[in-house]
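# Survey of secondary and tertiary structure
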2 protein chains.
Amino acid sequence: MLTEYLNRLNELSPLSIESKNLLLEHIFVKKINAGDYILKQGDVCKHIYFVNKGFVRIFYYKNGKNITEWFSKEKSFFFSIASYFNETESNLVIETLEDSEIIFLSKAGLEKFRKTNLEIANLLIELFSGSLIFSQQRMESIQFETAKDRYQNLLNEQPGILNKVPLHHLATFLGITQETLSRIRAKV
Amino acid sequence: MLTEYLNRLNELSPLSIESKNLLLEHIFVKKINAGDYILKQGDVCKHIYFVNKGFVRIFYYKNGKNITEWFSKEKSFFFSIASYFNETESNLVIETLEDSEIIFLSKAGLEKFRKTNLEIANLLIELFSGSLIFSQQRMESIQFETAKDRYQNLLNEQPGILNKVPLHHLATFLGITQETLSRIRAKV
DNA sequence: ATGCTTTTTTGATAAATGTCAATTGAGATT
DNA sequence: AATCTCAATTGACATTTATCAAAAAAGCAT
């Protein structure tokens, strides 16, 4: 399982056996039951997470309501950006929506080795630039697309999502109320 | 002037004389008159830009209207993220609002050296993570704050901006129409 | 299957914002 | 000073979306 994960990292940026071994000391796997948290509100995000198996929701609280920031499907990386970099309490909460297997890659390890290990430094570049592209895409989708378009796109990208996620989570993700989403669906 | 810029880079991530010299070959300065473009629509973004002097607006077109993505003040870095990484035509346009002095740092150089030079790789990590934090902050400000709040914050962060930028640019930046912004201002 | 709970839809109304048009204001020019 | 131009405000109205409440539908357990 970790081999597969290391291969994934290696695809992002080539890693020698030595570099892989360095990283291995800072990687661990955790099984997390559906509905449990990976990162609670107020925690500091000290890892880059990877959904090896399962399905994850990232959300934040606003006026008492919880608003979905995004969904992370299998084989993708995620972390709480502001909390990770600034080492501040996260205002993002990360929960699993299914029984999941999450791989933790520690910031401590990455920070330690990137100063001396070129491969690990370049791995970080790839991780961060991937995250940057993702963040930018999400911003553009909010700016350019209507809620209806974004709903359609979400269904295309993640066909099974309607079975996994209650409608009100989709609605907050799209930035509209559940009622409005329901009416959008009725019209299609 | 370039010395100052190199010091700036050095603050982000320490650079030896050798690394600085490597980078120097891939840095140039351009004076750009107010209203002229740094990056046109359809260009591919091949540099990370730095506003040494002046003031810059980044915008995109949507339904024929131009929408401000953000303003870059002096001593800050910026680039067209999707275009830079994917080497696709930029849908962001970058223009100066004042006579400006822009420092160009070429992607070609960065990509060449990050594979072999640890300092330059770490510089890139700092540049990208800074950009990631910025991108995230902007997203959160859109999600968490009302247009009114965002207007106030903008004035706090950039007190002189009302003298530099016509109201309709501020409005599109805030995601509202000029008329709505005018009404917000009237109520304060 | 029956009832119980949760999710989703529907309806009526209110609030916010957009649109279009007209007016006002401020600077620059003659 | 009068005029011209561009920027900003105001008004009237339309549209969109939120809100609150209730009904319908879908899942689940007994």
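Going by the structure above, here's the rest.
These remarks concern the structure in this document. (Residues numbered from 1 in each chain as written. Chains lettered and ligands numbered in written order. Predicted model: local features only at pLDDT ≥ 70, side-chain atom pairs only at ≥ 80, totals over all residues. Heavy atoms only, no water.)

### Digging into the overall build of chain A
Looking only at helices and strands, one finds 9 helices and 8 strands in chain A. The C-alpha atoms of chain A give a radius of gyration of 18 Å, which matches the 16 Å a tight globule of 188 residues would have. Its C-alpha atoms put chain A at 55 × 30 × 30 Å along the principal axes. In chain A, once contacts between residues fewer than 6 apart in sequence are set aside, the share between residues at least 24 apart is 70%. When the accessible area of chain A is evaluated, it comes to approximately 8,900 Å², of which 50% is carbon and sulfur surface. (Helix = DSSP H or I, 4+ residues; strand = E, 2+ residues; numbered from the N terminus. Rg over C-alpha atoms; globule rule 2.2 N^0.38 Å. Contact = heavy atoms within 4.5 Å. Areas by Shrake-Rupley, 256 points an atom, 1.4 Å probe, with all protein chains shown as cover.)

### A look at the protein's contact with DNA strand C
Close to DNA strand C lie 14 residues; A:Leu167, A:Ser182, A:Arg183, A:Arg185 and B:Thr180 are nearest. The sugar-phosphate portion of DNA strand C accounts for 57% of its atoms within 4 Å of the protein, the bases making up the rest. Interatomic distance of 2.9 Å between a side-chain N/O atom of A:Ser182 and a phosphate oxygen of DNA strand C. B:Thr177 is positioned such that a nitrogen or oxygen atom in its side chain is 3.1 Å from a phosphate oxygen of DNA strand C. Listed by contribution, the elements that provide at least two residues to the surface near DNA strand C are helix 9 (178-187) of chain A together with helix 9 (178-187) of chain B. Element by element, the count of residues in the surface near DNA strand C is highest for helix 9 of chain A, at 6 residues. (Near = heavy atom within 4 Å. Polar contact = N/O pair within 3.5 Å; in protein donor to acceptor, adjacent residues only side chain to side chain.)

### With respect to the packing of helix 8 (residues 167-174) of chain B against helix 9 of chain B
All names here are of chain B. As a packed pair, helix 8 and helix 9 sit with axes 8 Å apart at the nearest point and diverge in direction by 95°. The orientation of helix 8 relative to helix 9 falls into the category roughly perpendicular. Facing helix 8, whose interface residues are Leu167, His168, Leu170, Ala171 and Leu174, helix 9 presents Gln178, Leu181 and Arg185. Its residues assigned to classes, the contact of helix 8 with helix 9 comprises 5 nonpolar, 2 polar and 1 charged. (Axes fitted to C-alpha atoms, helices over the stretch in contact; angles between N-to-C directions. Parallel < 35°, antiparallel > 145°, perpendicular 65-115°, else oblique. Nonpolar A, V, L, I, M, F, W, Y, C, P; charged D, E, K, R; others polar.)

### A look at the sheet that holds strand 2 (residues 37-39) of chain B
Sheet strands pair by backbone hydrogen bonding; their relative direction is either parallel or antiparallel. Residue and element names in this part refer to chain B. Read across the open sheet, the 4 strands follow the order 2-7-4-5; overall the sheet is antiparallel. Among the strands making up the open sheet, the edge pair consists of strand 2 and strand 5 (65-72). The sheet shows a mean angle of 30° between the axes of neighbouring strands, direction not considered. As paired elements, strand 2 and strand 7 (residues 92-96) share 2 bridges and run antiparallel to each other. Bridge pairing links Tyr37 to Glu95 in strand 7. With respect to the sheet, helix 8 is in contact with strand 4 (56-62), strand 5 and strand 7, its orientation differing from that of strand 5 by roughly 85°. (Pairing = 2+ DSSP bridges.)

### Digging into the side chain of B:Ser19
All names here are of chain B. When you line up the elements, Ser19 lands in helix 2 (residues 17-24). According to the relative accessible area criterion, Ser19 is buried, its value standing at 2%. Those residues within four positions of Ser19 in sequence are excluded, and the remaining contacts are Asn117, Glu119 and Ile120. (Buried < 20%, exposed > 50% of the residue type's maximum accessible area, 1.4 Å probe, protein only.)

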